[in-house]
Amino acid sequence: MRFLTAGESHGQKLVGIIEGLPSGMRISQDLVDQALKKRQQGPGRGGRMAIEQDKVHFLSGVRGGCSTGAPLAMEILNRDWENWEKIMAWGEDADLESRKVLTPRPGHADLTGALKYRTEVRNILERASARETAMRVAIGSVVRQGLSQLGVEIRGRVLAVGGIQAPLSDDEDYWERVRQSEWSVGDPDAERKMGEQLLAARELGESLGGTLEVQVLHLPAGLGSHVQWDRKLDGKLAQAVLSIQAIKGVSFGLGFDAGAKMGSQVHDPIEYTQGQGYHRASNHAGGIEGGMSNGEPLVLQAVMKPIPTLYRPLNTVHLETKETVKASVERSDICAVPAALVVLEHVVAWVIAEAVLEKFPADSFTELETAWEKYKEYLKL
Ligand code: EPS
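Quick caveat: nothing in here was measured; it's all calculated off a predicted structure. (Residues numbered from 1 in each chain as written. Predicted model: local features only at pLDDT ≥ 70, side-chain atom pairs only at ≥ 80, totals over all residues. Heavy atoms only, no water.)

(A) Main features of the overall build of the protein. In terms of helices and strands, the protein carries 12 helices and 17 strands. Rg of the C-alpha trace for the protein: 22 Å, near the compact-globule value of 21 Å for 381 residues, within the 12% margin. If one aligns the C-alpha atoms of the protein with their principal axes, the spans along those axes are about 75 × 50 × 40 Å. Classification of the 381 residues of the protein by burial places 48% in the buried group. Sequence-distant contacts, at least 24 apart, represent 69% of the contacts inside the protein between residues at least 6 apart. Surface exposure of the protein reaches about 18,800 Å², of which carbon and sulfur atoms provide 52%. Put simply, the protein has 44 plus and 51 minus side-chain charges, and the middle of one group is 2 Å from the middle of the other. (Helix = DSSP H or I, 4+ residues; strand = E, 2+ residues; numbered from the N terminus. Rg over C-alpha atoms; globule rule 2.2 N^0.38 Å. Buried < 20%, exposed > 50% of the residue type's maximum accessible area, 1.4 Å probe, protein only. Contact = heavy atoms within 4.5 Å. Areas by Shrake-Rupley, 256 points an atom, 1.4 Å probe, with all protein chains shown as cover. Lys, Arg positive; Asp, Glu negative; His and termini not counted. Charge placed at Lys NZ, Arg CZ, Asp CG, Glu CD.)

(B) View of the site of the ligand. Taken together, the neighbourhood of the ligand is formed by His10, Arg39, Arg45, Arg48, Met49, His108, Ser129, Ala130, Arg131, Arg331 and Asp333. Protein chains bury 91% of the 470 Å² of accessible surface belonging to the ligand in isolation. (Near = heavy atom within 4 Å.)

(C) Representation of a negative patch on the surface in the model. A contiguous patch of negative charge on the surface is contributed by Glu82, Glu85, Glu92 and Asp93. In this structure, Glu92 sits in the loop between helix 3 (81-88) and helix 4 (110-117). Its relative accessible area of 84% is what places Glu92 among the exposed residues. (Patch = residues over 30% accessible without salt bridge, like charges linked within 9 Å, V, L, I, M, F, W, Y side chains within 5 Å. Salt bridge = Lys/Arg side-chain N within 4 Å of Asp/Glu carboxyl O.)

(D) The pattern of salt bridges, seen in detail. As enumerated under the stated definition, the model contains 25 salt bridges in all. Its salt-bridge partner being Arg48, residue Glu52 comes within 2.8 Å of it at the nearest N-O pair. What makes Glu52 buried here is its relative accessible area of 2%. Its salt-bridge partner being Asp110, residue Arg105 comes within 2.8 Å of it at the nearest N-O pair. Both residues of the pair, Arg105 and Asp110, belong to the buried class. Linked by salt bridges that have partners in common, Arg39, Arg48, Glu52, Asp54, Asp80, Arg131 and Arg331 make up one network.

(E) Inspection of the sheet that holds strand 9 (residues 210-217) at higher detail. Taken in spatial order, the five strands line up as 8-7-9-15-10 in an open sheet, and their pairing is antiparallel. Each edge of the open sheet carries a strand with a single partner, namely strand 8 (164-165) and strand 10 (247-252). Examined bridge by bridge, strand 7 (residues 153-161) and strand 8 share two bridges and lie antiparallel to one another. Considered in strand 8, the bridge of Val161 is made with Ile164. (Pairing = 2+ DSSP bridges.)

(F) Region of the structure containing unusual backbone geometry. The phi dihedral of Arg118 falls on the positive side, at around 50°, and the residue is not glycine. Among the secondary structure elements, Arg118 is positioned in the loop between helix 4 and helix 5 (121-128). Of the residues examined, Arg118 reaches a relative accessible area of 79% and is grouped as exposed. Look at Ala246: it is not a glycine, yet its phi comes out positive at around 75°.

(G) Inspection of the sheet that holds strand 1 (residues 2-6) at higher detail. Spatially, four strands are ordered 1-2-6-3 in an open sheet, and the strand pairing comes out antiparallel. Of all the strands in the sheet, the pair left with one neighbour each is strand 1 and strand 3 (56-60). On average, adjacent strands in this sheet sit at an angle of 20° to one another, irrespective of strand direction. For strand 3 and strand 6 (residues 72-77), the ladder comprises four bridges, and the chain directions are antiparallel. Within the sheet, the bridge partner assigned to His57 lies in strand 6 and is Glu75. Packing of helix 6 (residues 133-149) onto the sheet brings it into contact with strand 1, strand 2 (13-19), strand 3 and strand 6, and relative to strand 6 it is tilted by some 140°. (Axes fitted to C-alpha atoms, helices over the stretch in contact; angles between N-to-C directions.)

(H) Main features of the packing of helix 6 against helix 11 (residues 337-359). Contact pair helix 6 / helix 11: the axes reach a minimum separation of 8 Å and the direction vectors enclose 50°. The angle between helix 6 and helix 11 falls in the class oblique. Like other packed secondary-structure pairs, helix 6 and helix 11 cross with a definite hand, here left-handed. Residues Thr133, Arg136, Val137, Ile139, Gly140, Ser141, Val143, Arg144 and Leu147 of helix 6 form the contact with helix 11, whose participating residues are Val342, Val343, Glu345, His346, Val347, Ala349, Trp350, Ile352, Ala353 and Val356. Residue composition of the contact of helix 6 with helix 11, grouped by class: 12 nonpolar, four polar and three charged. (Parallel < 35°, antiparallel > 145°, perpendicular 65-115°, else oblique. Left-handed = near helix turned anticlockwise from the far one by under 90°. Nonpolar A, V, L, I, M, F, W, Y, C, P; charged D, E, K, R; others polar.)

Scope: geometric values only; no functional claims are made or implied.
Right, dumping it as structure tokens:
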């Protein structure tokens, strides 16, 4: 299975193609739209999100609410396009001079992209923009629906924003609060402090990052493989997660804390229960050993840097005069951590779905379900 996205932040639309879906998998457009809507929300988003109302349009590969097995193509319109038509157009009407960016923003792809591709900064920032993640959420939502039909649940929470750490719990009440929270945080006190931190950042012309966690529940042991570097599930997840705009680090289970502990405090004792099979007494590994899922919940954390567009910009160099000047200020979000969590959940869904399709025969969803159930029975022995 593979996918491609295309589209610029202020172009006409985003386009995505998924190839390799099993046929006969139920796909709900409503569920994709709900995920798209959630990605647009959260405190700290800028003026753009008041313009966009992301909805997916399927163009091929779905009939009667089910995948056909053919490439599934879809699009999401950029409502802001009509305000940018002249700037983004190709034709004679194109106004290439206005909105030309000559003061690249530190932390963005602006300067390096313009040097590498010998083109103007706008051609770089339009594609580097996190607008592209709308399509990645749509693509992830399609395969997440298939995973959910197999009983796999993916959930995410924000752990920290701008240095404010939320106390954690895995109680159902806590997760319900996460689902209700505009910050995707399960602790009201931490939420309030994050709100204050956002106000302070706004006053200062600053931006905020944070840390996020995604959990994948009810995965069987044995997805991924130990045999080759590029087949390891944690390696694949890390690559996909680090490809999300502004994500700078990824870890599993105990993550970086493992380096300061003794081996016995890190590894998870193996246990066996008749009729259920093997399990672990703890889950410090975050559900992956040897590049394979081990049957425990997969627990992945990621860190997002503060958004690099600053309303009080840093120094940069003017591309024509070479003078030191302030970086350009494009309209921007101040904090997009809750939105990044939605992206993270759907990017993880993609990698897990790929690993499922690698392990099981899946020309049709029925074939996949049968093989999946049989394998799960085998694991209980
Ligand atoms: C982004 C800048 C902002 C964000 C955008 C990502 O866009 P604009 O310059 O149009 O205000 O709103 O995010 C989205 C459009 C989106 O859908 O998430 C950037 O520079 O990455």
